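The residues making up each chain are set out below.
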Amino acid sequence: MIALYIFIALIVGWLIYRTIYLKRKQRQYQGAFVETFKNSETNLPTLKTGYSYGFPSFVVMFKNEELLQQAESNGLTNLFINRIKQIHSEFKEFEAERAIFFTWEGRTFNVYSPEQ
């Protein structure tokens, strides 16, 4: 019976740790995002975060394609990628370039298949 209580206490402790860790990371993501895009001539895009295969993933959505291109030409997208790399420097397998998707509102994708 004591082993069960210890097991439950360990699980609860781990959940509390993970919650605190994830909230801290969210604050770091938001800080990096705002610091990167706040002084640009563009409207502040939106940031959505998630997880894929145990690693963080990001979608940065601009109002339109021109604003995204302007941010790219000003080096803001690369700056954001580098800031996320710094936040997750402890993950050797983490590839920020693949984890961050820059897009714009209303973007559609054409899927081309050679078999068609």
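Conventions we followed
Residues numbered from 1 in each chain as written. Predicted model: local features only at pLDDT ≥ 70, side-chain atom pairs only at ≥ 80, totals over all residues. Heavy atoms only, no water. Helix = DSSP H or I, 4+ residues; strand = E, 2+ residues; numbered from the N terminus. Rg over C-alpha atoms; globule rule 2.2 N^0.38 Å. Buried < 20%, exposed > 50% of the residue type's maximum accessible area, 1.4 Å probe, protein only. Contact = heavy atoms within 4.5 Å. Lys, Arg positive; Asp, Glu negative; His and termini not counted. Charge placed at Lys NZ, Arg CZ, Asp CG, Glu CD. Core = buried A, V, L, I, M, F, W, Y, C linked by side-chain atoms within 4.5 Å. Patch = residues over 30% accessible without salt bridge, like charges linked within 9 Å, V, L, I, M, F, W, Y side chains within 5 Å. Areas by Shrake-Rupley, 256 points an atom, 1.4 Å probe, with all protein chains shown as cover. Salt bridge = Lys/Arg side-chain N within 4 Å of Asp/Glu carboxyl O.

(A) Fine view of the overall build of the protein chain. Summing up its helical and strand segments, the protein chain has four helices and three strands in all. The linear arrangement of helices and strands in the protein chain, starting from the amino end, is α-β-β-α-α-α-β. In summary, the protein chain has a C-alpha radius of gyration of 19 Å against a globular reference of 13 Å for 116 residues, an excess of more than 25%. Each of the 116 residues in the protein chain was classed as buried or not, and the buried ones make up 28%. Contacts in the protein chain between residues far apart in sequence, at least 24 positions, make up 58% of those at least 6 positions apart. Once the 13 positive and 11 negative side-chain charges of the protein chain are each reduced to a mean point, those two points are 12 Å apart.

(B) Region of the structure containing the nonpolar core. Counting residues in each nonpolar core, the largest one holds 22 residues, and the members touching the most others are Phe37, Val60, Phe62, Phe80, Ile84, Ile100 and Phe102. Secondary-structure elements contributing two or more residues to this core are α1 (2–37), β2 (55–62), α2 (65–73), α3 (76–87), α4 (96–99) and β3 (100–104). Broken down by element, this core gets its largest block of residues, five residues, from α3. In this structure phenylalanine 102 touches Phe37, Val60, Phe62, Leu68, Thr77, Phe80, Ile81 and Arg107, once residues within four positions along its chain are discounted.

(C) Representation of a nonpolar patch on the surface. Judged by side-chain polarity, Met1, Leu4, Tyr5, Phe7, Ile8, Ile11, Val12, Trp14, Leu15, Ile16, Tyr17 and Ile20 come together as a nonpolar surface patch covering roughly 1300 Å² of accessible area. Structurally, the position occupied by isoleucine 16 is in helix α1. When its relative accessible area of 49% is taken as the criterion, isoleucine 16 is described as partly exposed.

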